[in-house]
Amino acid sequence: MNEEVTEENVGSVASNPGSVGGTEEEIPEEEPVLVAPVERKAATGAYKKVELKVETVKKEVPDIPHVSAEEEKKTEVATQFTKEDSHFFAQTIWTIPQMVFGDYMEVNEKLVNAWGDQLFSYCEKKGFSPLEYLFDELPLLIATGSIVGSLAVKQREHKKKLKDDKEKEDEEETD
């Protein structure tokens, strides 16, 4: 194992201290792989000068129509929030608990009207109309909901009454 390393036995198994078996087969040397550096080209830009032709187009456009003061007042009246509107909103809003929970949740009519008056004065001071922020069909839907709600409450009461009457009849028959 103490062989001298010469040019002849450089790649042999015997000269390799990690080899097993002691045979003297030669292992071919691997050639180093040379990697060529990649050449990168700097971006030079491919912009070309483009000549634009600007043509002036003249078109006759009608003037903006002038609205007279009378026409402005007519449009304001259509979107104006009135005391009647505020009372309607107050009544529809404050009948919702009665529709959902029953007649025991009925609110005093005087209090509802006072609330409607306060809603009107608030809207008047702030200078806005709630009708502008709500879709047009909302008052109709609220009024329809209050009617449907009151009918549902009456239906529940009617069913309860029928059930109580039936129970009374059953008790009388068993006695």
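Below: a short report on this structure. (Residues numbered from 1 in each chain as written. Predicted model: local features only at pLDDT ≥ 70, side-chain atom pairs only at ≥ 80, totals over all residues. Heavy atoms only, no water.)

Turning our eyes to something else, we now look at the side chain of Ser86. Among the secondary structure elements, Ser86 is positioned in helix H2 (residues 83-94). Classification of Ser86 as buried rests on a relative accessible area of 0%. In this structure Ser86 touches Phe81, Gly116, Leu119 and Phe120, once residues within four positions along its chain are discounted. (Helix = DSSP H or I, 4+ residues; strand = E, 2+ residues; numbered from the N terminus. Buried < 20%, exposed > 50% of the residue type's maximum accessible area, 1.4 Å probe, protein only. Contact = heavy atoms within 4.5 Å.)

Another point: the nonpolar core. The biggest cluster of nonpolar side chains holds five residues, and these are Phe81, Phe89, Leu119, Phe120 and Cys123. Tallying contributions element by element places helix H4 (residues 109-126) first for this core, with three residues. The contacts of Cys123, once residues within four sequence positions are left out, are Phe81, Phe128 and Pro130. (Core = buried A, V, L, I, M, F, W, Y, C linked by side-chain atoms within 4.5 Å.)

Turning next to H4. In an α-helix, one turn spans 3.6 residues; hence positions three or four apart end up facing the same way. With 18 residues, H4 ought to run about 26 Å at 1.5 Å a step, and its terminal C-alpha atoms sit 26 Å apart, in line with that. Every buried residue of H4 is accounted for by Val112, Gly116, Leu119, Phe120 and Cys123. Looking straight down H4, one finds that the buried residues subtend no more than 100 degrees of arc, so they occupy a single side. For H4, exposure combined with an orientation more than 90 degrees from the buried face picks out Lys110, Leu111, Gln118, Glu124 and Lys125. A side-chain oxygen of the first residue of H4 lies 3.1 Å from the backbone nitrogen of Lys110; this N-cap is Asn108. Phi turns positive one or two residues past the end of H4, at Gly127, with a value near 75 degrees. (Expected span 1.5 Å × (residues − 1). Arc of directions from axis to C-beta. Polar contact = N/O pair within 3.5 Å; in protein donor to acceptor, adjacent residues only side chain to side chain.)

Don't take any of this as a statement about function, it's just geometry.
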